[in-house]
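The primary structure of each chain is shown beneath.
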Amino acid sequence: MADFTLRVNGNEKKVSVPPETPLLWVLRDSLHMKGTKFGCGIGQCGACTVQLDGAPVRSCQTQLSMVGVKKVTTIEGLSADGSHPLQRAWQELDVPQCGYCQAGQLLTAAALLVKIAKPTDAQIETAMNGNVCRCGTYLRIKEAIHLAANGGRRA
């Protein structure tokens, strides 16, 4: 066991866990933040995606000892009231069906829009590659990213 202080969604959180514990389980089990989902456990599906200093990472494959002083952003930290442009676009276009993958999809898309304000279809596809949606809402996800990038105005 080791003591860690994490910066999660702008707040300091203290945990005492083995250093090799995946960030996913620290968020879900130690901090009781259930928005980040367990999908495959091998970093291939993207359901567990969070941001470390703004970059999307698979939390199931990120040991807590690797986090250090980086800022962790989860779906709960994207916007407490659902007002983030991506969240509004997701709602307007009815993107989620089962919703299981959406936290990872949204955090990956948010990181993309910080890097590229008006991404092309190809840039969206590249950035979102590896985020699996078993319901197949990929076209709506892409449309919602464009909608958010356009300030909520349809192209």
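See the structure printed just above.
Residues numbered from 1 in each chain as written. Predicted model: local features only at pLDDT ≥ 70, side-chain atom pairs only at ≥ 80, totals over all residues. Heavy atoms only, no water.

Engineer: Can you walk me through the sheet that holds strand S5 (residues 71-73) in this structure?
Structural biologist: Paired through their backbone hydrogen bonds, the strands of a sheet run either parallel or antiparallel. Taken in spatial order, the five strands make up an open sheet running S2-S1-S5-S3-S4, and their pairing is mixed. In this open sheet, the two edge strands, each paired with only one partner strand, are strand S2 (11-17) and strand S4 (55-58). Taken over all neighbouring pairs, the strand axes of this sheet differ in orientation by 40 degrees on average, direction set aside. Looking at chain direction, strand S1 (residues 2-8) and S5 are connected through two bridges and run parallel. Bridge assignment links Val 8 to a residue of S5, and that residue is Val 72. Packed on one face of the sheet, helix H1 (residues 23-30) meets S1, S2, strand S3 (49-52) and S5 and runs near 100 degrees to S2. Against the sheet, helix H4 (residues 102-115) makes contact with S3, S4 and S5, and its axis sits at roughly 35 degrees relative to S3, the strand it touches most. (Pairing = 2+ DSSP bridges. Helix = DSSP H or I, 4+ residues; strand = E, 2+ residues; numbered from the N terminus. Axes fitted to C-alpha atoms, helices over the stretch in contact; angles between N-to-C directions. Contact = heavy atoms within 4.5 Å.)

Engineer: What am I meant to see in the packing of H4 against helix H6 (residues 138-149) here?
Structural biologist: Working note: a packed helix pair is described by the angle between its axes plus the distance between those axes. One can describe the packing of H4 onto H6 by two numbers: an axis separation of 11 Å at closest approach and a directional angle of 40 degrees. Put simply, H4 runs oblique to H6. Where H4 crosses over H6, the handedness of that crossing is right-handed. In this structure, H4 contributes Gln 105, Ala 109, Leu 112 and Leu 113 to the contact, and H6 contributes Ile 141, Ile 145, Ala 148 and Ala 149. (Parallel < 35°, antiparallel > 145°, perpendicular 65-115°, else oblique. Left-handed = near helix turned anticlockwise from the far one by under 90°.)

Engineer: What should I look at first to understand the side chain of Lys 142 in this one?
Structural biologist: Along the polypeptide, Lys 142 turns up in helix H6. Discounting residues that sit within four places of it in the chain, Lys 142 has contacts with Asp 121, Ile 124 and Glu 125.

Engineer: Quick question: what am I supposed to make of the packing of aromatic side chains here?
Structural biologist: Both the distance between ring centres and the angle between the ring planes are used here to describe each pair of aromatic rings. Enumeration over the complete set of coordinates arrives at one aromatic pair. Here Trp 25 and Phe 38 contribute two aromatic rings whose centre-to-centre distance is 5.4 Å and whose plane-to-plane angle is 35 degrees, an arrangement assigned as tilted. Taken together, the residues Trp 25 in helix H1 and Phe 38 in the loop between H1 and S3 connect sequence positions 13 residues apart. Classification of Trp 25 by relative accessible area gives partly exposed; the value is 30%. (Phe/Tyr/Trp six-rings, centres within 6.5 Å; stacked < 30°, edge-to-face > 60°. Buried < 20%, exposed > 50% of the residue type's maximum accessible area, 1.4 Å probe, protein only.)

Engineer: When you look at unusual backbone geometry in this model, what are you seeing that I'm missing?
Structural biologist: Apart from glycine, the bulk of residues carry a negative phi angle, and the bulk of peptide bonds sit in the trans form. In this model, Asn 9 sits at a positive phi of 50 degrees, which is unusual for a non-glycine residue. Structurally, Asn 9 is set in the loop between S1 and S2. Even without being glycine, His 32 reaches a positive phi, approximately 60 degrees. Tracing the chain through its elements places His 32 in the loop between H1 and S3.

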